[in-house]
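Structural overview for review
Here's the letter readout for the chains.
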Amino acid sequence: MKISILKPLSLLVGLVAMLGPMLAFADDPVPNKGDTAWMLTSTALVLLMSVPALGLFYGGLVRSKNMLSVLMQVFVGFSLITVLWCVYGYSFAFTAGNPFFGSTDRLFLNGVFDAVKGTFALGATFSKATPMYEIVFVAFQATFAAITCCLILGSIVERIKFSAVLLFLVIWFTFSYIPVAHMVWFWSGPDAYTDAASADTNNALAGLIWQWGALDFAGGTVVHINAGVAGLVGAFVLGKRLGLGKESMPPHSLVMTMIGASLLWFGWFGFNAGSALEANGSASLAFMNTYLATACAVLSWTFAEWIFKGKPSMLGAASGAVAGLVAITPAAGNVGIPGAFVIGLVVGPLCLWGCTGLKKLIGADDSLDVFGVHALGGIFGALITGVFNDPALGGPGLVTDWTMNPPTVGYPGEMAQLIIQAKAVGLVFVWTAVVAFIAFYIVKLTIGLRVPEEQEREGLDISSHGERAYTD
Amino acid sequence: MKLITAVIKPFKLEDVRQALAEAGVQGLTVTEVKGFGRQKGHTELYRGAEYTVDFVPKTKIEAAVPDSLLDQAVEAIISAAGTGSIGDGKVFVFDLVHAVRIRTGETGDAAL
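Keep in mind that this is a model prediction, so the values were computed, not measured.

Residues and elements named next belong to chain A. Interaxial distance between helix α2 (residues 33–61) and helix α4 (residues 134–152) falls to 9 Å at its minimum, and their mutual angle equals 20°. Between α2 and α4, the angle falls in the class roughly parallel. Of the two possible hands of crossing, α2 and α4 adopt the one that is left-handed. Contact with α2, carried on its side by T36, M39, L40, S42, T43, V46, L47, M49, S50 and L54, involves V136, A139, F140, T143, F144, A146, I147 and C150 of α4 and no other residues of that element.

Right, here's the structure in full:
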């Protein structure tokens, strides 16, 4: 509003009088409606990534006799984690506690909505004086927790008991997802940083890996390394599918897999660009990087396969898309366009090797290559984020001082940031491996992990769920 | 009476049906089958997993004919199903000892 055009003094006085009540709100900012709309949309997009996208992507890769079991594991697993998230997951992940776990403040989402006053609790974004409704953040993060747990299932399909899936997910979610999310992502928000003393206080309240200064825009460590390593551990503990290497086990519908991969790409815009928590430049950068790196990875996987394996396959293109999406996840808003090009072009051949050469070296029946795509792509993405964050390489840099307004942006140097990223990767790798191993063994020793041999041969659709996906 | 069993390339079925009809064959039974002969299968590659598909999809046709029609029928199949390339299939001929038309109870050549 241009006050200069209001020449008569009386009008000016009147305007100031009108502004009076508005100025009273200056210390008490409210969430921006555009931001809120974007975050609600993003949340729904991330939900789409699990149901149906991940279900179809995984489901198409198994034999038709196990199709419904995969869809059920994803569908019910997603719902289970969503419920647990609202009961205790959010509270332990995203409230102040110690560097590993939060507190009980938000059990059952207590306090996010005051029914008497009709007011909503506000949470932080990455900009000062720009709050968001905490309840939106709860929902957005719920979809992350739930899809991360579902990603693990790809390693253990076609042989695991349904009850074992559920029990494992409860244990792993509680002791790996929650603390890793807290370690990587919990902090007090920019408004808490007002001076040097408050910076020290609030840094001490943040999660351990956040304190280290590791960059993870949308979940390279929290989601992909966390799930990918847990999946591999599961494949080891569970053992190989009957007949692996002797009988042919081709994917029963690469059409479903292509639809699933495409919907993952679509939903991933909510996942990555939504992780900016605002509808702003950072979200736009994350959006473009998510788009571009994925397209690069489709090409790089396809051409690598064409050159080294003989034919460019649909499964390869779909896998390349997912590998690109995984690798750009920690980088999304943390690198510039050059980073997106490099990440996409490198991760395709890298994950192709992860699903072929590396898989043979490891020797486990990681059935749908959760480790080869998610863990390997996640590790690569998490590390390279530290490099391409450099403004000299087109990256946006990182905030070095949140007490300033606007916060000071700088860059600590390639090696310095790479070491921080590597520490984060290492800790999450070990943490999830240990938790997954214990969790799978608890399930194995209590209710058992695998279905009986004859049920595995018959297929889990009939033997575990009493229905079949297709009638002949 | 003779029973002719032929295994042919699936896309040749319509040609063979037409040729047999022109030769005077009154009926035909068709089955989709898989098998192998000198034509090799192919390999499929899914990420790291390579599967050799040994059995090639084929179509099996069966026709019962009077002895008088045998040579024309076999000739019709050979000319209609042939492409000159490996995997064209085979024709087998068996003696047929008995045949009955269920509706009328006719037997022998009359049932064909």
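What follows deals with the sheet that holds strand β2 (residues 29–35) of chain B. All names here are of chain B. In space, the four strands of this open sheet follow the order β2-β5-β1-β6, with antiparallel pairing throughout. On the outer flanks of this sheet lie β2 and β6 (89–95), each paired with one strand and no other. On average, adjacent strands in this sheet sit at an angle of 20° to one another, irrespective of strand direction. In this sheet, strand β5 (residues 56–65) lies alongside strand β1 (residues 2–8) in antiparallel orientation, the contact comprising seven bridges. For I4, the partnering residue across the bridge sits in β5 and is A63. This element, helix α1 (residues 13–22), spans β1, β2 and β5 of the sheet and lies at about 10° to β5.

Residue and element names in this part refer to chain B. When the pLDDT values of chain B are averaged, the result is 94; 100% of them are 70 or greater. By mean pLDDT, the top-scoring element of chain B is β1 (97), and the lowest-scoring one is strand β4 (residues 49–53) (88). Across the interface, the model reports ipTM at 0.79; the global pTM reads 0.89.

Taken together, the contact between chain B and chain A spans six residues of the former and 12 residues of the latter. The residue inventory of the side of chain B that touches chain A, partitioned by class, reads three nonpolar, one polar and two charged.

So, how was this worked out
Residues numbered from 1 in each chain as written. Chains lettered and ligands numbered in written order. Predicted model: local features only at pLDDT ≥ 70, side-chain atom pairs only at ≥ 80, totals over all residues. Axes fitted to C-alpha atoms, helices over the stretch in contact; angles between N-to-C directions. Helix = DSSP H or I, 4+ residues; strand = E, 2+ residues; numbered from the N terminus. Parallel < 35°, antiparallel > 145°, perpendicular 65-115°, else oblique. Left-handed = near helix turned anticlockwise from the far one by under 90°. Contact = placed C-beta atoms within 7 Å. Pairing = 2+ DSSP bridges. pLDDT = per-residue confidence, 0-100. Nonpolar A, V, L, I, M, F, W, Y, C, P; charged D, E, K, R; others polar.

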